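Structural features, examined
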Amino acid sequence: MKPSRVLTFFLLLAGLLVATAIVYLPGLRGGFLFDDYVNLPSLGSDGPISNWPAFWRYITSGTADPTGRPLTLLSFLFDAHNWPANPLPFKRTNLILHLLNGVLLICLLQKLGRMISPQTDQRRLDMAAILGAAFWLLHPLFVSTTMYIVQREAMLPATFTLLGLLAWLHGRTRLQRGLQLSAMAWLLAGLLGCTLLGTLSKANGILLPALALVIEYSLLRTSSAVATRATGDLYRRSMLWLALIPALLVLCYLLFEAWQGFIHGISSIRPWTLGQRLLTEPRVLVEYVNLLWLPRPFTPGLFNDNVQLSTSLWSPVTTLPALVAISGLIAGAWKYRHRHPLIATAILFYFVGQSIESSTISLELYFEHRNYLPAMLMFWPLALWLCDVRMPQLQKIKADNTGDDYVARSPSMLRKVKPALAVVLLASLGLMTHTNAALWGNTHDQAILWAALNPDSPRAQANAANVERAAGHPELAAIRLKRLLAKDPDQVQLALNLFNAQCQLGNIDPSTIDAVKLALHTSRDTGSLLLHWFDGLMEQVQHSPCHSLNLQLVANLLKAAQENPYVAVNPGRQQDLYYLQGHLALIEGDADAALADFNHGLDLQARESAALAQAALLGSMGYPRLGLAHLDHYAAIRQQAGQPGFGMPQIHAWVLERQHYGSKELASLRATLSSDAASQTTGNR
């Protein structure tokens, strides 16, 4: 590459990165959101991560995926070692990672362009690579990935996938040159090493081998000159073991999940069946593609709990057309991959990238961040057209071909318009992304707008109500929540937030109390929501300005939750409710009843963390002897504790056992309780 060309390339690259950073800059002022509060507090759950034992406890504490996503957890340590923390460093790191992914994508597009069309003017290929990556970098749909801190777990697999594809292509090129040993090293590093690293960031990192196969069979084999040199027995065996077999294993797993879902059903926390999910996902994918090709500054964001389910091929009426459209795109891309390799590659890459999160695994139906990796090649064909580059189809390349044969012979007027069109598209994307990023930097306006864009979303309305309450407008929150709760009476998050809003106003309507009871009795599993809400409610009883709030009301609401049939089949939720019942008994002064409830909860699940928390609560409220009795009860049943789940939970349990962490915590608490009990005895004398 000539020096002038190198300088131009790097100036354009630097300009793109600076422009992307500028448009994202307003979003750095935003705060933590939703799942951030689920994942990030582990930074300080056992105190600051300031030594190696604490580091190993933290890095193995993940529960998402069998792997626990340890590399994502590790990346958070660049931003904080304790909790609570400042959100700015987390968001800044996410933005840096997004920029890095943009650079890697440019390198990938540049490499692919030169591999499939070596005789094309390299300046045009470089421009197309930068432009294709720029469309992706500046796309407003990815603000909700980049500015949502916890979605670093979607960004890191993309990083390792890009690194893996680049390493694989480099190894492929070296094998073409006859450098077998170094080629195999690069192939192993790319398809095995980076797949492992991506999977340790999030499970969809395991799709790297399948994505390499898409590029191999839909793009790299469109030129016989490349195909005949790059393939051989060694390469075919390498791709068999490093790409095809791993991809088939993923396919088998997805089919196994389908069989399990249809035969045994899925988790009770999902309000739909697997069949309904599979009918709904084509409509979701059509909506994703719509957002990618018809971008807008504001999208539904994080609130997609109101997606209409498809219950049959004709309900809603868009189900069958969406299914036909998605199936047609995939089949057509494969069939015409030789005639239109670039478009086919972009389509197949996208749908293979969606295969884990949008198929048979019973995840939530819709999230924008699922497009982050799959859409990386989507805008490259457009960029090549704008740069007047025409890639060859599957045909014999003549020896006398020149670069001019691969330049699209556009009319002179169109050739003049294309650069202006590219600038307009980039400016439009940048403006929309800047507008969306500014919204992510304003938590109040963000919540209100998302509620307006998602009028039927319980999560969006509950979030907006919380923001209104925090701003001193509980009356607005109450109006908002009442309206939606009338439509969805089993939505416990709406009912509990309405209760809080009216309590903040000073009095709770009897109709609201009845609505809360109904929601507590009928709602599906809500995770730790009930535990935190009831705990907070009990703390409010003594000093709340709400006249209707008293211990009897708390007891009645707790009884409604205990009668919930979904809770009855979930030992973890039952244990939470026994803890809450015991906590309430302690507040009422009945310590013996509290001990009985705590012991009963442990009998359901012999969890060490629960025993420690409950014994500490007994001690803090003046009953150290009962705290010791609770620890004795745990010691008697601890052998009944279930085995940790497969994968990272087993490793985490091994780390805790190796560090004698549990026994040290138990011994420390027992010593404290014994000292307090002895002090009580001395005081009584």
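Structure report, in brief. (Residues numbered from 1 in each chain as written. Predicted model: local features only at pLDDT ≥ 70, side-chain atom pairs only at ≥ 80, totals over all residues. Heavy atoms only, no water.)

Let's shift gears to the overall build of the chain. Tallying secondary structure elements over the chain gives 31 helices and 0 strands in all. Computed over its C-alpha atoms, the radius of gyration of the chain comes to 29 Å, within 12% of the 26 Å expected for a compact globule of 685 residues. Projecting the C-alpha coordinates of the chain onto the three principal axes gives extents of approximately 105 × 55 × 50 Å. Among the 685 residues that make up the chain, the fraction classed as buried is 50%. Excluding contacts between residues fewer than 6 apart, the proportion of contacts in the chain whose partners are at least 24 apart in sequence is 76%. Summing over all exposed atoms, the chain offers an accessible surface of approximately 30,600 Å²; the carbon and sulfur share of this is 62%. (Helix = DSSP H or I, 4+ residues; strand = E, 2+ residues; numbered from the N terminus. Rg over C-alpha atoms; globule rule 2.2 N^0.38 Å. Buried < 20%, exposed > 50% of the residue type's maximum accessible area, 1.4 Å probe, protein only. Contact = heavy atoms within 4.5 Å. Areas by Shrake-Rupley, 256 points an atom, 1.4 Å probe, with all protein chains shown as cover.)

This part takes up the packing of aromatic side chains. Ring pairs (aromatic) are described by centroid distance and by the angle formed between their planes. Applying the stated rule across the entire model yields 23 aromatic pairs. Ring geometry for tyrosine 579 against phenylalanine 598: centres 6.0 Å apart, planes inclined by 20°, an arrangement best described as stacked. Placement of the pair is tyrosine 579 in helix α26 (residues 571-587) and phenylalanine 598 in helix α27 (residues 591-604), with a sequence separation of 19 residues. According to the relative accessible area criterion, phenylalanine 598 is buried, its value standing at 0%. The rings of Phe32, Tyr37, Phe76, Trp83 and Phe90 are connected pair by pair, giving a single aromatic cluster. Just above the ring of tryptophan 334 sits the side chain of arginine 337; from NZ or CZ to the centre is 3.6 Å. Over the face of the ring belonging to tryptophan 385 we find lysine 418, whose NZ or CZ atom lies 4.2 Å from the ring centre. (Phe/Tyr/Trp six-rings, centres within 6.5 Å; stacked < 30°, edge-to-face > 60°. Lys NZ or Arg CZ within 6 Å of the ring centre and 35° of its normal.)

Before going further, it helps to examine the nonpolar core. In this structure, Trp168, Ile215 and Trp380 are the most contacted members of the largest nonpolar core, which totals 102 residues. For this core, the element with the highest residue contribution is helix α5 (residues 87-116), accounting for 11 residues. The next biggest cluster of nonpolar side chains, apart from the first, holds 50 residues, and it includes Leu496, Ile513, Trp533 and Ala594. (Core = buried A, V, L, I, M, F, W, Y, C linked by side-chain atoms within 4.5 Å.)

Here serine 218 shows up in helix α10 (residues 208-218). Given the relative accessible area of 1%, serine 218 is considered buried. Only 2.4 Å separates the side chain of serine 218 from the backbone oxygen of valine 214, close enough to count as a polar contact. In this structure the side chain of serine 218 is engaged in a polar contact, spanning 3.0 Å, whose partner is the side chain of threonine 345. (Polar contact = N/O pair within 3.5 Å; in protein donor to acceptor, adjacent residues only side chain to side chain.)

Let us look at the packing of helix α8 (residues 152-176) against α10. Two numbers describe how α8 lies on α10: the axes approach to 10 Å, and their chain directions differ by 50°. Taken together, the axes of α8 and α10 are oblique relative to one another. Two packed elements cross with a definite hand, and for α8 against α10 that hand is right-handed. For the pair α8 and α10, the contacting residues are Phe160, Thr161, Gly164, Leu165, Trp168 and Arg172 in the first and Leu208, Leu211, Ala212, Ile215 and Glu216 in the second. Residues belonging to the contact of α8 with α10 are distributed by class as follows: 7 nonpolar, 2 polar and 2 charged. (Axes fitted to C-alpha atoms, helices over the stretch in contact; angles between N-to-C directions. Parallel < 35°, antiparallel > 145°, perpendicular 65-115°, else oblique. Left-handed = near helix turned anticlockwise from the far one by under 90°. Nonpolar A, V, L, I, M, F, W, Y, C, P; charged D, E, K, R; others polar.)

It is worth spelling out the side chain of threonine 60 at this point. Structurally, the position occupied by threonine 60 is in the loop between α3 (52-59) and α4 (70-76). Once residues within four sequence positions are removed from consideration, threonine 60 is found in contact with Met648, Ile651, His652 and Val655.

Turning our eyes to something else, we now look at the environment of alanine 667. Secondary-structure assignment places alanine 667 in helix α31 (residues 661-684). Taking relative accessible area as the criterion, alanine 667 reaches 47% and is therefore assigned partly exposed. C-alpha separation for the pair alanine 667 and lysine 517, spaced 150 residues apart in sequence, amounts to 41 Å.

Our focus in this paragraph is the packing of α8 against helix α12 (residues 233-264). For the pair α8 and α12, interaxial distance at closest approach is 11 Å and the crossing angle is 160°. The pairing of α8 with α12 is recorded here as roughly antiparallel in orientation. Read as a crossing pair, α8 and α12 show a hand that is right-handed. Note on element contacts: α12 touches α8 through Leu234, Tyr235 and Met239, opposite Trp168, Arg172 and Leu175. Here the residues of the contact of α8 with α12 are counted per class, giving 5 nonpolar, no polar and 1 charged.

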